[in-house]
Amino acid sequence: FLQQLTGPFCPDDDALLAWYLSKNMWWGDWPSHASGWHQRSTKNENVLFLSYQQLQEYPHKSITEIANFLQIDIDDALINAVLAKTQKSYMADNELHYSMAPPTLFSAASDAGFISGARNQTVQADAERIREYCENELERFGLTIEQLLN
């Protein structure tokens, strides 16, 4: 994402990881951000907290829960339409509808192969550092990663 927005001005992997594992991210660090929304969802009925894992594992149930939360009548035909439009292949074919940011000169260069995509691959050691950081920070809120993801 950042590479597509900033192209050759994007920091290297180590700098990005250090930024992610800090309180200097745009919304603060992930544990504070996620636990804040989790806490808010337990105290306010106008906040629905769902994890990506829940959406992936129980899509039909999750879509129904979202519709009920929004007070939208939903039937199987509409659920199937939502499921069809949230498939990875559909979103890849219609990327502009699902992008977090409009295309830039750098995203066009990346798509054409001028900017290496290798930077976007998280190595196992980085994933372990991220998990360890998140576990330690979530302890401050009395939460675990599993509580937020399930």
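The structure reproduced in this document is the subject of the present report. (Residues numbered from 1 in each chain as written. Predicted model: local features only at pLDDT ≥ 70, side-chain atom pairs only at ≥ 80, totals over all residues. Heavy atoms only, no water.)

This part is about the packing of aromatic side chains. Two descriptors summarise a pair of aromatic rings, namely the distance from one centre to the other and the angle between the planes of the rings. What the rule picks out here adds up to two aromatic pairs. Here the aromatic rings of Trp-26 and Trp-27 are separated by 6.1 Å at their centres, their planes lie at 55°, and the arrangement is tilted. By relative accessible area, which is 56% here, Trp-26 ends up exposed. Take Trp-27: its relative accessible area is 40%, and that puts it in the partly exposed class. Through pairs of rings, three or more aromatic residues link up here, namely Trp-19, Trp-26 and Trp-27. Over the ring of Trp-37 we find Arg-40, and its NZ or CZ is 5.4 Å from the ring centre. Lying over the aromatic face of Tyr-58, Lys-61 brings its terminal NZ or CZ to 5.7 Å of the ring centre. (Phe/Tyr/Trp six-rings, centres within 6.5 Å; stacked < 30°, edge-to-face > 60°. Buried < 20%, exposed > 50% of the residue type's maximum accessible area, 1.4 Å probe, protein only. Lys NZ or Arg CZ within 6 Å of the ring centre and 35° of its normal.)

Judged by side-chain polarity, Leu-48, Leu-55, Ile-66, Phe-69, Leu-70, Ile-72, Leu-78 and Val-82 come together as a nonpolar surface patch covering roughly 570 Å² of accessible area. For the nonpolar patch, the elements supplying multiple residues, two or more each, are helix H5 (59–69) and helix H6 (76–85). Assignment of secondary structure puts Leu-78 in helix H6. (Patch = residues over 30% accessible without salt bridge, like charges linked within 9 Å, V, L, I, M, F, W, Y side chains within 5 Å. Areas by Shrake-Rupley, 256 points an atom, 1.4 Å probe, with all protein chains shown as cover. Salt bridge = Lys/Arg side-chain N within 4 Å of Asp/Glu carboxyl O. Helix = DSSP H or I, 4+ residues; strand = E, 2+ residues; numbered from the N terminus.)

Right, let's talk about the pattern of salt bridges for a bit. Per the counting criterion, the structure on display carries five salt bridges. Here Glu-137 ties to Lys-23 by a salt bridge, and the two come within 2.7 Å at their closest N and O atoms. Of this pair, Glu-137 sits in helix H9 (residues 124–139) while Lys-23 sits in the loop between helix H2 (13–20) and helix H3 (30–43), and the two are 114 residues apart along the sequence. Judged by relative accessible area, which is 16%, Glu-137 ranks as buried. Arg-131 is the salt-bridge partner of Glu-135, the closest N and O atoms lying 3.0 Å from each other. Linking Glu-135 with Arg-131, this pair stays in helix H9, spanning four residues, or about one helical turn. What makes Arg-131 partly exposed here is its relative accessible area of 37%. By sharing partners, the salt bridges in this structure join Lys-23, Asp-29, Glu-137 and Arg-140 into a single network.

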